[in-house]
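Below are the chains, spelled out letter by letter.
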Amino acid sequence: MGKMTAADVIKIVKEQNIRFIKLWFADILGQVKSFSLSDRELENALNDGMGFDGSSVEGFARIYESDLIAKPDPSTFSVLPWSEDGIAVAKMFCDIQYPDGKPYEGDGRHVLKKQIAKVKKLGYTFNVGPELEFFYFKDDTAPVTMDKGGYFDYINDSANSIRRKTILQLEKLGMKVEYSHHEVAPSQHEIDLRYDEALLMADNVLAYKIAVKQVAHEHGMHASFMPKPLEHEAGSGMHVHQSLFEGDKNIFYDAKDEFFLSSVAKHYIAGVMNRVKEMCIVTNQWVNSYKRLVPGYEAPVYISWARRNRSALIRVPMYKPGKEKATRIELRFPDPSCNPYLAFTVMLAAGLEGIENKEKLAAPVEVDIFHMSREEREKGGIESLPGSLLEAIEYAEKSDFLKKALGDHIYHKLLENKKIEWDMYIKTISPFEINKYLPIL
């Protein structure tokens, strides 16, 4: 079946008596914005879009150029699997435009489309498969866990039925779910989506988060994608599996290579490794993101690649060695609170730069880097990710690569937002400081 058209959407809305349609788009930080229109306004919205005040959306227009249009993409239409007050409701993602129809440069969806257009010129399709981890908590006031389970636990997995209901909701939204399980930390879970084209997957990541939170709410819980909510437990990552296909052929695969990796795949990995420090402000955009990126808690810190080594930043999974369709790379440093449009954009841009420049890939590091001394890491040329949001900002400020990938508007707006966040953070007196210093100083 081909992509859904505007005519298809209108027909379904009439046949299923859908009274309201939610129009979704993301701000610069990846937070979903939504407004509803009645079925009577649907045709006008599909033809002309719906106007809104862009100056009220984070990272969007300045007040004197604030009139923007949200143009629904009919291919993203789906009926929401939950009703609102017993009324059937549907959703569509939107492209953001100026009133004259020109794409808005502050729209992350548009930025990803531009990057995908570059890879399509090479004849390739960019596929991604994200693994999003999250927590179930008692509510949103404190990180009170709901179980004491660990990785793949069955007996202590109190949320198995909730995950199962969530999967059914995701499938009704058109997503292909591979599997789900309890993760390493108490009350931490993962539901994996089957890989697909990057733009569709970015839309799906946002819808996925909404569905996870919706089902949790229905069960009296709060689902959180915060990178590191628990001090002494592993944080939540979003490992992103990715590959380039030419039709049905996996361009990353080479049966004759010792790693089953093509030269294109190796150049791609090298490109990502060369730009990873600059990318972190996008893939790990919060102060809290860097509480996860510390040694000893599952998350990678050191810039290297490997096949079996899970302490490496980039891994080439060996579940099905020698199988063409299964060959891909896995970026392990992003977290699920990023803007997926921008995250996939910078990943692809870095990989394409590596391919274009035929960048040489260093040898894999198959030993546990967490147990290496600083001297051993330095001798091996193994560098580290930024240690804080401030360091990420400093790398981003010097990055022509990032400015080119995101465009001037998003680049400057993101930096501006992150500097404000860091300034707010360093002015905050934490419980740690009160407990440690107040009694003795």
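It should be emphasised that the depicted structure is a prediction, and the values quoted were computed from it without experimental measurement.

### Things to note about the nonpolar core
Ranked by size, the top nonpolar core spans 100 residues in total, and within it Tyr208, Leu244 and Phe344 carry the most contacts. With sequence-adjacent residues up to four places away left out, phenylalanine 344 is seen in contact with Leu112, Phe126, Val128, Ala198, Met201, Ala202, Val205, Met238 and Val240. Leu42, Phe52, Cys94 and Tyr104 belong to the second largest nonpolar core, which has 23 residues in total.

### So, the packing of aromatic side chains
All told, the structure shown has 12 aromatic pairs when counted by the stated rule. An angle of 20° between the planes, with centres 6.2 Å apart, marks the rings of tyrosine 195 and phenylalanine 245 as stacked. Of this pair, tyrosine 195 sits in the loop between strand 9 (188–193) and strand 10 (196–197) while phenylalanine 245 sits in strand 12 (residues 238–246), and the two are 50 residues apart along the sequence. Since its relative accessible area comes to 5%, phenylalanine 245 is described here as buried. Ring centres of phenylalanine 259 and tryptophan 305 lie 5.3 Å apart, and the angle between their planes is 90°; on these two criteria the pair is classed as edge-to-face. Within this pair, whereas phenylalanine 259 is found in the loop between strand 13 (249–250) and helix 6 (263–283), its partner tryptophan 305 is found in strand 14 (residues 302–306), the two being separated by 46 residues in sequence. Comparing phenylalanine 259 with tryptophan 305 shows no difference in burial state: the two are buried. An aromatic cluster is present here, built from Phe134, Tyr136, Tyr208 and Phe225 joined pairwise through their rings. Of note, lysine 209 hangs over the ring of phenylalanine 225, and the distance from its end group to the ring centre comes to 5.9 Å. The aromatic ring of tryptophan 286 is capped on one face by lysine 418, whose charged end is 4.0 Å from the ring centroid.

### Observations regarding helix 4 (residues 160–172)
Between its terminal C-alpha atoms helix 4 stretches 19 Å, which fits the 18 Å expected from 13 residues at 1.5 Å a residue. The complete set of buried residues in helix 4 reads Ile162, Arg163, Thr166, Ile167, Gln169 and Leu170. For helix 4, the angular spread of buried residues about the axis comes to 165°, placing them on one side. Looking one or two places after helix 4, you find glycine 174, whose phi comes out positive at around 95°.

The rules behind the values
Throughout this document, residue positions are counted from 1 along each chain, in the order its sequence is written. At least 70 in pLDDT is required for a residue's local features to be given in this predicted model, at least 80 for side-chain atom pairs to be given and counted, and no such filter applies to totals for whole chains, interfaces and linings, which use all residues. With hydrogens and water stripped out, all remaining heavy atoms of the structure feed into the side-chain values. Residue types Ala, Val, Leu, Ile, Met, Phe, Trp, Tyr and Cys, when buried and joined through side-chain atoms within 4.5 Å, form a set referred to as a nonpolar core. Remark: exposure states derive from per-residue accessible area (1.4 Å probe, protein chains only) relative to the maximum for the residue type, with buried under 20%, exposed over 50%, and partly exposed in between. Only heavy atoms matter for contacts: two residues are in contact if any of them lie within 4.5 Å across the pair. Each Phe, Tyr or Trp ring, with Trp reduced to its six-membered ring, pairs with another whose centre is within 6.5 Å; inter-plane angles below 30 degrees give stacked pairs, above 60 give edge-to-face pairs, and intermediate values give tilted ones. Secondary structure elements follow DSSP: runs of H or I of four or more residues count as helices, runs of E of two or more count as strands, with numbering from the N terminus. By definition, being over a ring means that NZ of Lys or CZ of Arg is both within 6 Å of the ring centre and within 35 degrees of the ring normal. Helix span, as expected, comes to 1.5 Å for every residue beyond the first. The arc refers to the directions leading from the helix axis to the C-beta atoms.

Interpretation note: all reported values are geometric properties and have no functional meaning in isolation.
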